[in-house]
Amino acid sequence: MLRIVVFVSGGGTNLQAIIDKIDSGSIKNAEIAGVISNNPNAYALERAKEHGLYAECVSPKSFGTREEFNQALLAAADKLSPDLLVLAGFLVILPREMIEKYTNRIINIHPSLIPSFCGKGFYGLKVHEAVLARGNKITGATVHFVDAGTDTGPIILQKAVEVQDGDTPERLQKRVMEQAEWEILPKAIDLIANGRIEIEGNRVTYKITQKAEKVGAMDWYFEGRR
Ligand code: GRF
């Protein structure tokens with residue numbers, strides 16, 4: 001059973017998608033050991049509590065120095081004995097020690113098709129504003145392993161989403177969340193929990209199990225890979 005700790009800062013809709021897909025059985029062999037937020041007002045913490053999950057706030061404002069915060073954040077994760085850390089809209093730069101300790105065991109959801117519209121300054125609505133400003137016709141979301149860079153680790157899954165005429169950043173964000181984020185983040189967790197992910201350098205490949213496996217709406221992930 002893969003123990004995951006979910007890190008959140010905001011509304012927690014990606015956390016909710018993970019909760020729902022574990023409950024429905026779409027995600028197999030994984031459990032949420034806890035939810036950690038840097039923001040005491042994050043509605044994601046309410047979602048965790050409503051679901052009876054351990055939830056803790058580790059706020060930078062509660063510590064005298066960044067180093068003290070970093071140590072507290074790492075300790076909060078460690079005490080839950082996680083196998084996988086899931087950044088679901090977590091707006092805090094992870095401490096180097098955490099990235100080193102959990103190498104290839106931290107994943108992040110980013111609301112664009114990396115390497116477009118990512119890196120420093122590209123988060124939340126800013127991503128969708130930039131997509132609309134550039135006039136893209138397609139955008140999407142990416143789940144990737146976290147490394148020392150910003151949105152630079154090996155890509156696990158991506159899903160494209162159409163940009164529609166008249167889109168506002170808010171409307172586009174909602175479509176990307178509904179059509180991509182809430183699908184590929186849970187799917188990535190399921191792949192990792194069931195030993196389906198291999199990393200070779202910066203490239204992720206999928207181990208396909210022997211039996212022909214129906215993966216429902218995700219068939220297209222494995223089209224031609226059987
Ligand atoms: C999502 O758009 C995600 O792509 C980005 O932050 C947002 C988090 O939303 N990293 P939520 O807290 O999961 O609702």
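Up top is the structure.
Residue positions are given per chain, counting from 1 as you read along its sequence in written order. Owing to the predicted nature of the model, reporting of local features is limited to residues with pLDDT of at least 70; listing and counting of side-chain atom pairs is limited to 80 or more, with chain, interface and lining totals taken over all residues. Excluded from the side-chain calculations are hydrogens and water; all other atoms, namely the structure's heavy atoms, are used.

## Thoughts on the packing of aromatic side chains
- Pairs were defined over the aromatic rings of Phe, Tyr and Trp, the Trp ring being its six-membered one, requiring ring centres within 6.5 Å. Orientation was assigned from the angle between planes: stacked under 30 degrees, edge-to-face over 60, tilted for the rest. Inspection of every chain in the model, using the stated rule, returns three aromatic pairs.
- Aromatic side chains phenylalanine 117 and phenylalanine 122 sit 6.3 Å apart centroid to centroid with 75 degrees between the ring planes, which places their arrangement in the edge-to-face category.
- We call a residue buried when its accessible area falls under 20% of the maximum for its residue type, exposed when it is over 50%, and partly exposed in between, using a 1.4 Å probe and counting protein chains only. The class for phenylalanine 117 is buried, based on a relative accessible area of 17%.
- Judged by its relative accessible area of 29%, phenylalanine 122 is partly exposed.

## What to know about the site of the ligand
- In the region of the ligand, the neighbouring residues are Gly10, Gly11, Gly12, Thr13, Asn14, Gly89, Ile109, Pro111, Met177 and Glu181.
- Polar contact criterion, stated in full: a pair of N or O atoms within 3.5 Å, where within protein one must be able to donate a hydrogen and the other to accept it, and residues adjacent in sequence count only if both atoms are side-chain atoms. Measuring from an oxygen atom of the ligand, one finds a backbone N or O atom of glycine 12 at 2.8 Å.
- Take threonine 13: an N or O atom from its side chain is 2.6 Å from an oxygen atom of the ligand.
- Residue burial considers only the protein chains on display, and all accessible areas are found by Shrake-Rupley using a 1.4 Å probe. Computed on the free molecule, the ligand has an accessible area of 370 Å², of which 88% lies beneath the protein chains in the complex.
- Both site types are read off a 1 Å grid over the protein atoms alone. A 1.4 Å probe that fits but cannot get out defines a cavity, while an open set with protein on both sides within 12 Å along at least five of seven lines defines a pocket; lining residues have an atom within 4 Å of a point. To qualify as sitting in a cavity or pocket, a molecule needs more than half of its atoms within 2 Å of the grid points. When atoms are counted within 2 Å of each cavity's grid points, the one that captures over half of the ligand is the largest pocket. Summary of the distance rule: residues count as near a molecule or strand when at least one heavy atom falls within 4 Å of that molecule or strand.

## Focus on unusual backbone geometry
- Cis geometry is found at the peptide bond from isoleucine 114 to proline 115, where omega equals 15 degrees.
- In this description a helix means any DSSP run of H or I spanning at least four residues, a strand means any run of E spanning at least two, and both kinds are numbered starting from the N terminus. Its place among the elements puts proline 115 in the loop between β5 (106-110) and α5 (125-134).
- A positive phi angle, close to 45 degrees, is found at serine 81, a residue other than glycine.
- Structurally, the position occupied by serine 81 is in the loop between α3 (66-78) and β4 (84-87).
- You can call serine 81 partly exposed: its relative accessible area is 46%.

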